[in-house]
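Here is how the chains run, residue by residue.
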Amino acid sequence: MNLNIIQRAGAFALALSLLGQAAQATSLDGTSSIAFQNNHYVLHNGDIVKGFARLNKGFTILAGETATFDTLISVSGDIDLRTTGQLQLIGDLQFDAAVTLTRVGYIKGRGHVINLQGDLSIPASGVLCITGDTIIDGGGHVLTLAEHAQILVDNNVTLTLRNMTVQNTRNDSLFPWIKLRATTSKLAFDDVRFAMNNDFDWKQGQLYIHNDVVVTGSHAFIYHATQPSFIAPGSTWFFDMNTNFSFAPVGTTTENLIKLQSLSSAFQMCGCCMRIPNGSIEFETGKLILEDEVRVHRYATQDLSALSALTSVDYGNTSTVNAIAWHPNAKVVALGGIAAVNGAGGFANTDEIRLYSFNGSTLTALTSQGYGTRAIALDWSFDGKFLAVGGAGPTNGAGGFANTDELRIYSFNGSTLTALTSKDYGSEIQVLSWSPDGKYLAVGGSGPVNGAGGFSNNHELRIYSFNGSTLTALTSKDYGIQVRGLAWHPSGQFIVIGGAGPVYEAGGFENSDEIRLYSFNGSTLTSLISKNYGTDIACFEWSPDGTVLAVGGSSPTDDSTEWIARKARGFDDTNELRLYSFDGSTLTSLVSKDYGSWVNALAWNPAGRLLAITGHKAVMDAGGFDNEYETRIYTFNGTDLTATTSHKYGVDGFAIKWDPTGKTLLVAGSTPYVGAGDFNNTHEVRLYQAELYNSHSPARYSSGTRYGKICSGGGTI
């Protein structure tokens, strides 16, 4: 409804309210008369714009604050959400043709519609986060994401893009232009043209196709998600000339993830390319329509042929690197440890926290911060804007913090770290991890203090909520002596912890099992599953699809005694590396491997195909390796581990991480040997290039309507 129509309506008397300057702005109430604001308007937390209220020159919602809209008139002008300001709807909202998003933030649609009356752009590097069910109706217009811009759909939220062209400018696979934050996030396309200017990586969540959805461009839509997507009755998902559909779900052999919901649903390809894994892609019902020549390529899941020494950096003689954290963009890596040396690794200081930039072949000193005695744990938030650091013996004034809090959060602008907020823990933080959506931070360690960090207990596991600037104590659990391992499930709905000396009946468990798995609903932890391990768990890592949990540690026990057998752990060996399958409610023993003394760290590559481990005193002929090398790589086929390649490190490998692309592997620890692992030095930080290969087998299919499977071996359907 536009202003002229309202002015002609007899139901309302015209009353223009010029409500002051933007700096004094409050709620704008147009329920009894028209409220017209011809200045740019600033909205504060709790403000509401309702009724026949017109913001003619746009509005700002201040950072971290929420304003609500229930207006019957379109808004115009510049909209500034200050990165963390939230626009909440309790009615549909009209953006007229003159709307410009200057800075994006959060939109909580509450099931309502934003109607576009003109083209709209999301500014470069901006992230528009959808925090509640929202429909954006383009009215036939174009929604453009500028360079490295992104729409982020929160967990348990559905975003519907309707009646529009959606196009990007330039993104990469690590920062897709539309990202679903969790497996519970959903995206619906309804009568949309999806114009790709880069490959689009669908990593997780569910996609819903309504009416005609056309994919255009000369790039690939890569289906990595393990959740099913749906094509509604009477709807078609159409891939136009020169596009590429790559069906590559991570860590699963499931063939029927594209669900055609009725015989009138269609998956249509025209003069384009499809890539499928060994096996097939299956359409159980509906129509598979092939027009012109459709090229089908079979590819094997990426395999590793070798790890080649790439580059290394020094941390300091007799020093130790405890932690590695790759930035989500794969261009920066953070290190934390003990006794960093002035001048080592390109740094003219003794700061324990060191950041390097990475150009694909070399590491260059970027920035650093002091910590104190030991920086033990590091983790980047999902968007790379924040770095969490934990350890023991932090120093007052070090790293920009005027305190001795063990938990410290930095903001990161791409080149520098700035002290943001901190919390006391007590004695020592040994592990920490951001939840997949970045809303929560889990911390584990030993010797927590009652009352420290906002917790009125001495529980070893502590979870904070995070709003972008502050940490708030949320919930905690007792463990026993120390929590050394901790990992969020990719869905964010579960968290597993482990360590040494768990206590009977602590944390909600009626046993003293070392492995403890909780479900998490955003506010509370509920005990779910536990498993016995033995003596000491050092590390956990979920496979990318969340179906397999890898566990490493030292002195595991077997089922050789009646007492342990009653615990039904499932492994009849003393292997340090253990894999469990997970179905959302149970952990089932899958496969295990011997290492020797203890496994300190492990890491899945992004494809879920390769598992890297490192530790102390690996044993010759253990775990399938004919050497005692500390760094070991296994290939995982869904049920079993196959020894693939290994490298010598030295005394202790403490940390190991694949970069987010899966192309490089970083190993760090203490007392590396000269010449070990193909490195002619004693540098603690060592980077390897992964030599990966695929096999391809092209086939061609003629035009027609088909049903059933496309098989990787070629032939007809």
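Whatever comes next refers back to the structure up there.
Reference entry: report on the structure contained in this document. (Residues numbered from 1 in each chain as written. Predicted model: local features only at pLDDT ≥ 70, side-chain atom pairs only at ≥ 80, totals over all residues. Heavy atoms only, no water.)

**Things to note about unusual backbone geometry**
Step number 1: Despite not being glycine, Thr318 shows a phi value in the positive range, around 60 degrees.
Step number 2: Assignment of secondary structure puts Thr318 in the loop between strand 29 (303–313) and strand 30 (320–326).
Step number 3: Not every positive phi belongs to a glycine, and Ser555 is a case in point at roughly 50 degrees.
Step number 4: By the secondary structure assignment, Ser555 is in strand 47 (residues 548–556).
Step number 5: The exposure class of Ser555 is partly exposed, given its relative accessible area of 42%. (Helix = DSSP H or I, 4+ residues; strand = E, 2+ residues; numbered from the N terminus. Buried < 20%, exposed > 50% of the residue type's maximum accessible area, 1.4 Å probe, protein only.)

**Examining the sheet that holds strand 6 (residues 78–80)**
Step number 1: Reading across the sheet, the four strands line up as 2-4-6-9 and stay open at both edges, with parallel pairing between neighbours. Here the strands that pair on one side only, and so sit at the sheet edges, are strand 2 (41–43) and strand 9 (100–103). With direction set aside, neighbouring strand axes in the sheet form an average angle of 20 degrees.
Step number 2: Of the strand pairs in this sheet, strand 2 and strand 4 (residues 58–61) are connected by three bridges, and their pairing is parallel. Along strand 4, the bridge assignment pairs Tyr41 with Phe59. (Pairing = 2+ DSSP bridges. Axes fitted to C-alpha atoms, helices over the stretch in contact; angles between N-to-C directions.)

**Concerning the pattern of salt bridges**
Step number 1: The final tally for this structure, using the stated rule, is twelve salt bridges.
Step number 2: Residue Asp80 pairs with Arg103 through a salt bridge whose shortest N-O separation is 2.8 Å. Within this pair, whereas Asp80 is found in strand 6, its partner Arg103 is found in strand 9, the two being separated by 23 residues in sequence.
Step number 3: On the basis of relative accessible area, Arg103 is assigned to the partly exposed category, the value being 39%.
Step number 4: Arg578 is the partner of Asp573 in a salt bridge, and the nearest nitrogen-oxygen pair spans 3.5 Å.
Step number 5: By relative accessible area, which is 0% here, Arg578 ends up buried.
Step number 6: Through salt bridges with shared partners, one network takes in Asp80, Arg82 and Arg103. (Salt bridge = Lys/Arg side-chain N within 4 Å of Asp/Glu carboxyl O.)

**Observations concerning the environment of Asn680**
Step number 1: With respect to the helices, strands and loops of the structure, Asn680 is situated in the loop between strand 55 (664–672) and strand 56 (685–693).
Step number 2: For the pair Asn680 and Gln86, spaced 594 residues apart in the sequence, the C-alpha separation amounts to 53 Å.

**What to know about the packing of aromatic side chains**
Step number 1: Applying the stated criterion to the full structure yields 36 aromatic pairs.
Step number 2: Geometrically, the ring pair formed by Trp326 and Phe358 is edge-to-face, given 5.6 Å between the ring centres and 70 degrees between the ring planes. Taken as a pair, Trp326 in strand 30 and Phe358 in strand 32 (residues 353–358) lie far apart in primary sequence, 32 residues in all.
Step number 3: Given the relative accessible area of 10%, Trp326 is considered buried.
Step number 4: A ring pair is formed by Tyr440 and Phe520, whose centres lie 5.0 Å apart and whose planes are at 85 degrees; its orientation type is edge-to-face. Of this pair, Tyr440 sits in strand 39 (residues 440–448) while Phe520 sits in strand 44 (residues 515–520), and the two are 80 residues apart along the sequence. Accessibility classification places Tyr440 together with Phe520 in one group, the buried group.
Step number 5: Within the aromatic cluster, the residues linked to one another by ring pairs are Trp177, Phe189, Phe194, Phe200, Trp202, Phe221, Trp237, Phe239, Phe245, Phe267 and Phe283.
Step number 6: Across the ring face of Tyr533, the terminal group of Arg578 is positioned such that the distance to the ring centre comes to 5.3 Å.
Step number 7: In this structure, Arg686 is placed above the aromatic ring of Tyr649, and the distance from its NZ or CZ to the ring centre is 5.6 Å. (Phe/Tyr/Trp six-rings, centres within 6.5 Å; stacked < 30°, edge-to-face > 60°. Lys NZ or Arg CZ within 6 Å of the ring centre and 35° of its normal.)

**Examining the state of the cysteines**
Step number 1: Across all of its chains, the model carries zero disulfides by this definition.
Step number 2: Left without a disulfide partner, Cys270 is nearest to the cysteine sulfur of Cys272, which lies 6.9 Å away.
Step number 3: You can call Cys270 buried: its relative accessible area is 11%. (Disulfide = S-S within 2.5 Å.)

**Quick look at the side chain of Glu352**
Step number 1: Structurally, Glu352 can be placed in the loop between strand 31 (332–338) and strand 32.
Step number 2: Despite its burial, Glu352 pairs with no opposite charge, the nearest such side chain being Arg408 at 7.9 Å.
Step number 3: At 2.8 Å, the side chain of Glu352 forms a polar contact with the backbone nitrogen of Tyr371.
Step number 4: A distance of 3.3 Å separates a polar side-chain atom of Glu352 from the backbone nitrogen of Gly372.
Step number 5: Not counting residues within four places of it along the chain, the set of residues in contact with Glu352 comprises Tyr315, Leu335, Gly336, Gly337, Ala340, Gln369, Gly370, Tyr371, Gly372 and Ala375. (Lys, Arg positive; Asp, Glu negative; His and termini not counted. Polar contact = N/O pair within 3.5 Å; in protein donor to acceptor, adjacent residues only side chain to side chain. Contact = heavy atoms within 4.5 Å.)

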